[in-house]
Amino acid sequence: MAGVSMCKVVHVLLWVIVLTSLTFAIQLDDISDELPSDDRQAQLDIAEGLLDTSLWNAVKIYVDHPLSVPKGELSQLYEVFSNLPQDLPVSTVVLSKYYPWKKKNVDQFFNDFSYLIVLKSMLSFSVDKESAYATLGVNSKLNGLLAAPTQSIVFTCTPNTMMKGSGRVEIFDTYARWRRRQISLSIPRSGTVLLGNFSYSVNSGLFYGYFKESFKTEEPVSKNWLFGGAATWNGLCLTVPVQKKSTLQTVIHARETEKIIGLKLHTTPTETLRFFGGCFAANSHRHIEQKNDTSMTVHAGATVTKKIIKAQVEGGVDILQYSGIPFVASLHIGNSTIRQSLLVTRIPRGFRTSQSKLFHTFSNKLSEDRQNTPGMTNISFSFLHKPIAKRHQLVKASYLYSKQRAVYTIFMKVADYVPFDYTLSYRLNSSFYHSLHHRIRLRSKIVSKPKYSIGLHLLTDIKEYRYWRILSELNNTISIGPAIEIAPFIQLLSHSTPNNDFALGVQGRLTFFYKTYGSFKWTLPIISHCKESFSFQARVNFCI
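Rules used throughout
Residues numbered from 1 in each chain as written. Predicted model: local features only at pLDDT ≥ 70, side-chain atom pairs only at ≥ 80, totals over all residues. Heavy atoms only, no water. Helix = DSSP H or I, 4+ residues; strand = E, 2+ residues; numbered from the N terminus. Buried < 20%, exposed > 50% of the residue type's maximum accessible area, 1.4 Å probe, protein only. Contact = heavy atoms within 4.5 Å. Areas by Shrake-Rupley, 256 points an atom, 1.4 Å probe, with all protein chains shown as cover. Salt bridge = Lys/Arg side-chain N within 4 Å of Asp/Glu carboxyl O. Patch = residues over 30% accessible without salt bridge, like charges linked within 9 Å, V, L, I, M, F, W, Y side chains within 5 Å. pLDDT = per-residue confidence, 0-100. Axes fitted to C-alpha atoms, helices over the stretch in contact; angles between N-to-C directions. Parallel < 35°, antiparallel > 145°, perpendicular 65-115°, else oblique. Left-handed = near helix turned anticlockwise from the far one by under 90°. Nonpolar A, V, L, I, M, F, W, Y, C, P; charged D, E, K, R; others polar. Polar contact = N/O pair within 3.5 Å; in protein donor to acceptor, adjacent residues only side chain to side chain. Phe/Tyr/Trp six-rings, centres within 6.5 Å; stacked < 30°, edge-to-face > 60°. Lys NZ or Arg CZ within 6 Å of the ring centre and 35° of its normal. Pairing = 2+ DSSP bridges. Core = buried A, V, L, I, M, F, W, Y, C linked by side-chain atoms within 4.5 Å.

**Q** Looking at this structure, how should I read the overall build of the chain?
**A** When helices and strands are counted, the chain shows 7 helices and 27 strands. Looking at the chain residue by residue over its 544 residues, the buried ones come to 44%. At a minimum sequence separation of 6, the contacts of the chain that also span at least 24 residues come to 49%. Of the roughly 27500 Å² of accessible surface on the chain, 63% is carried by carbon and sulfur atoms.

In structure tokens, the structure reads:
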């Protein structure tokens, strides 16, 4: 009895810590499960309300051409997610501890940055044996006989240590769209210049970070491919050192939908204290009224870091449309075993700045009228416990409310990789005090030494009715010499409804010659309720 009582006391204490700790919420609130690895899985999740269409459209270019973690491309995640930490592992110093990026190093990376596990399908850890002067990746997809094929291209060019060019472009049957294009120039002791699309974190999404998609489709590709429609910062970012402990940034942003110019100053007087602030002017079109919307914002903040504690607060004001002071306050307490977090965000009444990423995110979740905002407050907690490297428990809770409406979410997950991989999660979501949405998900995978793997995905969803889904997959990896790796697979998807799904497929990787390799995936549904009769995807990568 004493043992049982002590166990209950420990569980109670853990919940008390979760609900009372002040921490910096570094988890991705937009998604709680791993992103799909292809369009077919994405369409199944979208059809059942498990994945947001706009989110998938924003990240699928990175699933087709994964971001290179060793090359520091994780900074591009700021363009998709608004609540990422400011210290993403992108610098050479931080990433050097994981070299040469073997499996155990990648496992350690995800152990150190566990909030990135949900993005595993859009991350790459491959490293060339020698640094490449230029790289080119071409991806082609075909979903069904009646659908038009789509292509995407990613490239980099590094003529010297100071200059680098890169780009990502999607090509459709009638138009092309740049997802990202950039030229960077680093001059020692003088500064850095970024031209094109760039990642830029300013005021944590309070005033900026939300850019509308704007791409033309009425012209053929031959006349339209130069149009830059990427919904991200576009223009020039100049960073110069000011004395030894300060840097000054100048930003000029220009797109068809908005123009922004601004200055931002960072200063670090001590190792534990950092101040930052800036002023920005913007001119854009409002979504509904389609008329000019001019704003001039001033923001400032501070960060205090002391051993396992990190606290940050920042706020600002729109001088031309004053409606109060929005702010973001956070505090993170944690070590390698336990991490606890809280993030508090306040959007004042009447605030409706067109480029505010947080404003649009909160308005969509609450279904608020963007022209008559009553004021919104979001509180997010998280608790992560990692007793060993291959095991962790996670609890997250968020509460978003305005004067008329409220949404709260509770998410709990247990993951272990011994003796086999499995993840068990529970999610409770309530909107407007009357709609409850429960979801239980189990992912498991057993891998044998001859590279046989059996995967099971069980999902039980309780909304106003009982719903369940079981996705099981069996695949076998066959190596044919050092250059060819083939993995045929079988997928069986069972529903609580009559709409079952059974598919056969094969995927593989081919190494043609030094630094040139390709991969493919072919799926043929035998029984399917999806519109696509089959899907095929091929990818080729070249290094010079």
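**Q** Would you mind showing me how to read the environment of tyrosine 408 here?
**A** Summarising the element assignment, tyrosine 408 is placed in strand S18 (residues 406-416). By relative accessible area, tyrosine 408 is classed as partly exposed at 26%. Sequence separation of tyrosine 408 and asparagine 429 is 21 residues, and the distance between their C-alpha atoms is 6.0 Å.

**Q** Would you explain the pattern of salt bridges in this entry?
**A** Taken as a whole and assessed by the stated rule, the structure comprises 3 salt bridges. Lysine 141 is the partner of aspartate 64 in a salt bridge, and the nearest nitrogen-oxygen pair spans 3.1 Å. With aspartate 64 in helix H3 (residues 53-64) and lysine 141 in strand S3 (residues 134-143), this pair connects stretches of sequence that are 77 residues apart. A residue is classified by how much of its surface remains accessible, and lysine 141, at 9% relative accessible area, is buried. Measuring nitrogen to oxygen at the nearest pair gives 2.7 Å for the salt bridge that ties glutamate 258 to arginine 255. Considered together, glutamate 258 and arginine 255 belong to a single accessibility category, that of buried residues.

**Q** I'm lost on a nonpolar patch on the surface in this one. Help?
**A** Residues Leu474, Ile490, Leu504, Trp522, Leu524, Ile526, Ile527 and Phe536 make up a contiguous nonpolar surface patch of about 650 Å² in total accessible area. Of the residues forming the nonpolar patch, the biggest block, 4 residues, is contributed by strand S26 (residues 516-527). Within the secondary structure, leucine 524 sits in strand S26.

**Q** I keep staring at the confidence of the model for the chain and nothing clicks. Help me out?
**A** For any part of a model where pLDDT is low, the fine detail of the predicted coordinates should not be relied upon. Here the chain averages 78 in pLDDT, and 77% of its residues register 70 or above. In the model, residues 1-27 has pLDDT below 50 throughout and makes 47 contacts with residues more than four positions away in sequence or in other chains.

**Q** Teacher, can you tell me more about the packing of helix H2 (residues 39-47) against H3 here?
**A** Relative orientation and spacing of two packed helices are given, respectively, by the angle between their axes and the distance between those axes. Taken N-terminus to C-terminus, the directions of H2 and H3 make an angle of 165°; their axes are 10 Å apart at the nearest point. Taken together, the axes of H2 and H3 are roughly antiparallel relative to one another. Considering how the two elements wind past one another, H2 and H3 form a crossing that is right-handed. Where H2 abuts H3, its residues Asp39, Ala42 and Ile46 lie against Thr53, Trp56 and Lys60. Looking at the contact of H2 with H3, its residues break down into 3 nonpolar, 1 polar and 2 charged.

**Q** In this structure, what is going on with the side chain of arginine 339? I would like to understand it.
**A** Tracing the chain through its elements places arginine 339 in strand S15 (residues 338-347). For arginine 339, the side chain forms a polar contact with the main-chain oxygen of asparagine 335, separated by 3.5 Å. The contacts of arginine 339, once residues within four sequence positions are left out, are Asn111, Asp112, Ser114, His332, Ile333, Gly334, Ser382, Phe383, Leu384 and Lys386.

**Q** Looking at this model, I keep getting lost on helix H7 (residues 357-366). Mind explaining?
**A** Because each turn of an α-helix spans 3.6 residues, side chains separated by three or four positions in sequence point in the same direction. With respect to burial, H7 is a largely interior element, 7 of its 10 residues being buried. Taken as a whole, H7 has its buried residues at Lys357, Leu358, Phe359, His360, Phe362, Ser363 and Leu366. On the buried face of H7, the contacting elements are strand S14 (327-334), S15, strand S16 (376-388), strand S17 (391-401) and S18. With a side-chain oxygen positioned 3.1 Å from the backbone nitrogen of phenylalanine 359, the residue opening H7 is serine 356. Serine 367 sits one or two residues past H7 and shows a positive phi near 55°.

**Q** How do you make sense of the packing of aromatic side chains when you look at a structure like this?
**A** Centre distance and the angle of the planes are the two values used to describe a pair of aromatic rings. The final tally for this structure, using the stated rule, is 18 aromatic pairs. Centre to centre, the rings of tryptophan 101 and phenylalanine 125 are 5.6 Å apart; their planes meet at 35°, and the pair counts as tilted. Taken as a pair, tryptophan 101 in the loop between helix H4 (92-95) and helix H5 (103-112) and phenylalanine 125 in the loop between strand S2 (123-124) and S3 lie far apart in primary sequence, 24 residues in all. Accessibility classification places tryptophan 101 together with phenylalanine 125 in one group, the buried group. With a centroid separation of 5.7 Å and an interplanar angle of 55°, the aromatic rings of phenylalanine 207 and phenylalanine 351 are classed as tilted. With phenylalanine 207 in the loop between strand S7 (191-198) and helix H6 (221-224) and phenylalanine 351 in the loop between S15 and H7, this pair connects stretches of sequence that are 144 residues apart. In this structure phenylalanine 351 comes out as buried when scored by relative accessible area, which is 3%. An aromatic cluster is present here, built from Phe198, Tyr200, Tyr208, Phe211, Trp233 and Phe280 joined pairwise through their rings. Between the NZ or CZ atom of lysine 120 and the centre of the ring of phenylalanine 110, over which it lies, the distance is 5.4 Å. The positively charged end of lysine 264 is found above the aromatic ring belonging to tyrosine 200, 5.9 Å away from the centroid.

**Q** Got a minute to help me understand the pairing of strand S8 (residues 233-242) in this structure?
**A** For a regular strand, the rule is simple: side chains alternate between the two faces of the sheet. Where S7 meets S8, 7 bridges bridge the pair, whose relative direction is antiparallel. Residue pairing across strands places glycine 196 opposite glycine 235, the latter belonging to S8. Sheet analysis places S8 next to strand S9 (residues 246-254), joined by 8 bridges and oriented antiparallel. When the bridges of S9 are listed, leucine 238 appears paired with threonine 250. Counting the residues that bridge the hairpin from S8 to S9 gives 3 residues, and of these glutamine 243 lies at a positive phi of roughly 60°.

**Q** What's the story with the environment of cysteine 543 in this structure? I'm lost.
**A** Summarising the element assignment, cysteine 543 is placed in strand S27 (residues 535-543). On the basis of relative accessibility, which here comes to 16%, the residue cysteine 543 falls in the buried class. As a C-alpha pair, cysteine 543 and threonine 156 span 387 residues in sequence and 9.5 Å in three-dimensional space.

**Q** I keep staring at the nonpolar core and nothing clicks. Help me out?
**A** Most often, soluble globular proteins have nonpolar side chains that are buried together. Residues Leu77, Phe109, Leu116 and Met122 are the most contacted members of the largest nonpolar core, which totals 32 residues. Among the elements of the structure, H3 and H5 are those that each provide at least two residues to this core. No other element matches the 6 residues that H3 contributes to this core. Counting 25 residues, the second largest nonpolar core, distinct from the first, contains Phe211, Ala282, Phe351 and Val407.

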